[in-house]
Every structure is written in C-alpha cells, then in structure tokens.
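# Chains, contacts and geometry: an overview
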Amino acid sequence: MTRIADDWLLRAGVLRREQLSRLAQLGVLVSGISRLVHMLQCERGASNVWLCSQGKLYALECKASRALVDENLAALYAILNTQVPMPGSIVCERIASALLCLETLAVLRDGVNAQSVTAPQAMEHYCRMLRHLLGIVPQLNDSIDDPHIAGRFVALYSLMQGKELAGQERALGAIGFTQEFFNDETRQRLVDRIDGQQACFEIFLSHSDAEIQNAFYLNCQPDRDTERLRRVACTRQPAADNGDTALNWFALQTARLEHLRTLEENVIADLMLEVDKRLHCDDGRTAAAEMVDDPLAHFPDKPLLPLVRQQAREIDQLSRQLASLRDTLEERKIIDKAKSVLMTHQNMSEEQAWTALRKMAMDKNQRMVDIARALLTVKRLWQITPKE
C-alpha cells in the first residue's frame, strides 16, 4: 500500500510541476500583455487631450505613445510566435479576438489625426482593445490548484483591472477638463470608474503581502490634488484656463498610473518567483507534500475533516473571486453587442447607444447587462429591419 501511495504522490508531483512549468512560460506572455496595455492606456489618454483641444495640446505625446505601443505590440507578436501550447481553447480564442481588435488601431489613429472621431468615440475604441487584451489573463490559470499561486494570480488580475479603470478615469477627466465642461453622463462614468477601482484594489490587497500593501498605500493612492480635481469634475464645472487644469489632471493621474505600473511589474515578478520556487523543490515527493500542505503532517493532533474543509473553502473563495472578474468581462461583451445592435438598426452613434441602454436600465431599475441581454433576445426572436 505504501508503494501505491508513493506512486500517486509522485504522480501528483509530476502533474504539479507540469502546471507550474506551463505557468512559468506563460509569465512571459503576461508581462508582454501588461506592457502593451500600459502603453495603450498612455496613447488613449494623450489622444483624448489632442482631440478635445482640437490638436493644440499633446501632439508630441501622441506621437511618442504610438511609437511605444508599436514597439510593445511587435514584442507581443514575437512572444506569441514562440509561445508554448496554450492551456486551452478559450485562451486561444481570447488571443485571436484581441489581435483582430488591435488590427483596427491604424484606422483609429487615422481618425484621430484627421479629428474625424470624437474623444468619447476614440476612448471607447481604445477601451475595447484593452478589454480584449486583459480578457486573456484570467484564462491562463485555469489549471492551477495551488492556493498560494492562485491567490497571487487573483491579486495580479485585480490590480490590472483596477489600473485600467484608473486609466479610464484619467481619459474621462482629460475630456472634461480640456473641454472645460462635464455633462451628467461623463460625471456618472467617472464615479463608476472610481468605485470600480476601489473594488478591484480591495481584492488585490486582500491577497497581497505586507510589503506589496505598503507600496500600494505609499505610492498608488490618489493624492490631495487629485482628490480636489475629482471633486471639481463630479460637482461643478472647471474654470476656463486654456487647458492648464487639464494638463495638471493628466500629469497627476499619469504619475499615479506609473506607480501602479511599477507595482504591477513587482507583482508579476513576485508571482513568477513563487512559481519558480515551487517548481524547483528538491523532488516530486517533497514538492507535492509541501504544496498540498498535508494536514496530517502539520496538524497531527487535529481532526482531518475540518482542515480539509477549510482548505477547500479557501480555494473555492479564490475561484469565485476570479469567476466574478470573468463575469464582469463577459457582461461588457454583452453590452457591446447590444450597443452594436442599436448602432446598426437604429442609426445611433456608439455614445448614443450607450446612453440609451443606460436610460432603459435606470427607467426599469435593472442592470444594464440585463437590458442588453433582453435586447439581444428580442433581436433573435424578431428580425429587426435596419432603417434606410
């Protein structure tokens, strides 16, 4: 019996090393996505300032950010060309969707250069690209059953999501401060992004060690000037000052995003270090014993069942948190499809479609995603004839 148990323990060690080895290789892909996302966030913000100022501000910043996006996009292509087999078909589909969306970047840039698109339209286009890229990340850890690694992965993805919402806050504020006017819709979207950041960062901090938490509280919280400008944006109209406040807002938010980017790099490095540490344990038996955290070995006087249940609850909690983040991405995709229906069949602009969905949700006291699902259901049941 001992030999059979040893065989299964060794088999568990082999499978676990395969999982960790695959994740170690996928870490290169995560880093590449992270770098490209950051530069696209920079290009999005600079483009908003450029468009809202009618080409008077941030021309050089637009050019520089585009060059860095192109550089990091080429690096991502190189990573994908040499990447090991992916852990599942969903990952491959997410990568394909992201690459297809990125192929529209040149057309978007032409529209920005010609000022034939509005800042909200350009922002939504950039946000769509970023959603596709970020949607790849949570699919990379489907096979992880080590709670320590899973927790770090949840922390990383939550940080990346929170950083993207902070980037959207910067872009929305850039629109309002450059135009020297905030409408009710922009204000509500700002509030949504601020609230969303908080939720993501709370999950991130709950799965981070004290050193990472301290770095976040020290460098990544909005400072007093940012909070003051937030209050202006959400409660009153900014003063006319030839774009000075817009540039100040953009600089403050950019500094915060750079700190978040540094923290993100550290979290990725910490995750990969932990993977490498567990991957290079002395042997399969030792690795398996350590990673399952054998209750009988560490708590010989305690009943086994409560300990197993506790460990199962911890893993289940991590899984539910990651599933919640995935659900958020799926809901955004449903809303995008509903907007496309309104744009195609009701001759609405993207902004008008978003406003219409939001108004229907508010009028019926329902979530926007539920309204979007209902609209898509109606479209499937009845053929909607496009307007001539």
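Quick look at the structure, then. Note that the coordinates shown come from a computational prediction; the quantities given were computed from them, not determined experimentally.

Judged by nonpolar contacts, the single largest core of 82 residues is most densely connected at L29, L40, L133 and F204. At 16 residues, the largest contribution of residues to this core is made by helix 1 (residues 2-52). Here L133 is in contact with I33, L36, V37, L40, L76, A98 and L102, once residues within four sequence places are set aside. Among the nonpolar cores identified, the runner-up in size contains 16 residues, and A338, L342, V369 and L375 belong to it.

For G167, the position within the fold is in helix 6 (residues 147-179). For G167, a relative accessible area of 0% gives the class buried. Sequence separation between G167 and T254 is 87 residues, and the spatial gap between their C-alpha atoms is 8.3 Å. Apart from residues no more than four positions distant in its own chain, G167 is found in contact with R44 and L257.

This part takes up helix 9 (residues 224-235). The first and last C-alpha atoms of helix 9 sit 17 Å apart over twelve residues, in line with the 16 Å expected at 1.5 Å per residue. Buried residues in helix 9 make contact with helix 6, helix 7 (184-206) and helix 10 (244-279).

A separate point is unusual backbone geometry. At Q115, a residue that is not glycine, the phi angle is positive and equals roughly 55°. With respect to the helices and strands, the residue Q115 is situated in the loop between helix 4 (105-114) and helix 5 (119-134). One non-glycine residue, N347, adopts positive backbone phi at about 55°. Its place among the elements puts N347 in the loop between helix 13 (304-345) and helix 14 (350-364).

Under the criterion given, the structure shown has 24 salt bridges. Across the salt bridge formed by R109 and E43, the nearest N and O atoms sit 2.9 Å from each other. You can see R109 sitting in helix 4 and its partner E43 sitting in helix 1, a full 66 residues away along the chain. With relative accessibility at 0%, the residue E43 sits in the buried group. Between K339 and D336 there is a salt bridge; the shortest N-O distance is 3.5 Å.

Another point: the packing of aromatic side chains. Here a ring pair, both rings aromatic, is described through the centre-centre distance and the interplanar angle of the planes. For the coordinates displayed, the defined rule picks out six aromatic pairs. With 5.0 Å between their ring centres and 80° between their planes, F177 and F182 make a pair best called edge-to-face. Across this residue pair, the class does not change: F177 and F182 are buried. Where F216 meets Y217, the ring centres are 5.7 Å apart and the plane angle is 75°; that geometry is what we call edge-to-face. Judged by its relative accessible area of 2%, F216 is buried. Taken together, F201, F204, F216 and Y217 form an aromatic cluster joined through their ring pairs. Cation over ring: R11 sits above W8, and NZ or CZ is 4.2 Å from the ring centre. Positioned above the aromatic ring of W354, the side-chain terminus of R189 is 4.9 Å from the ring centre.

Calculation rules
Residues numbered from 1 in each chain as written. Predicted model: local features only at pLDDT ≥ 70, side-chain atom pairs only at ≥ 80, totals over all residues. Heavy atoms only, no water. Core = buried A, V, L, I, M, F, W, Y, C linked by side-chain atoms within 4.5 Å. Buried < 20%, exposed > 50% of the residue type's maximum accessible area, 1.4 Å probe, protein only. Helix = DSSP H or I, 4+ residues; strand = E, 2+ residues; numbered from the N terminus. Contact = heavy atoms within 4.5 Å. Expected span 1.5 Å × (residues − 1). Salt bridge = Lys/Arg side-chain N within 4 Å of Asp/Glu carboxyl O. Phe/Tyr/Trp six-rings, centres within 6.5 Å; stacked < 30°, edge-to-face > 60°. Lys NZ or Arg CZ within 6 Å of the ring centre and 35° of its normal.

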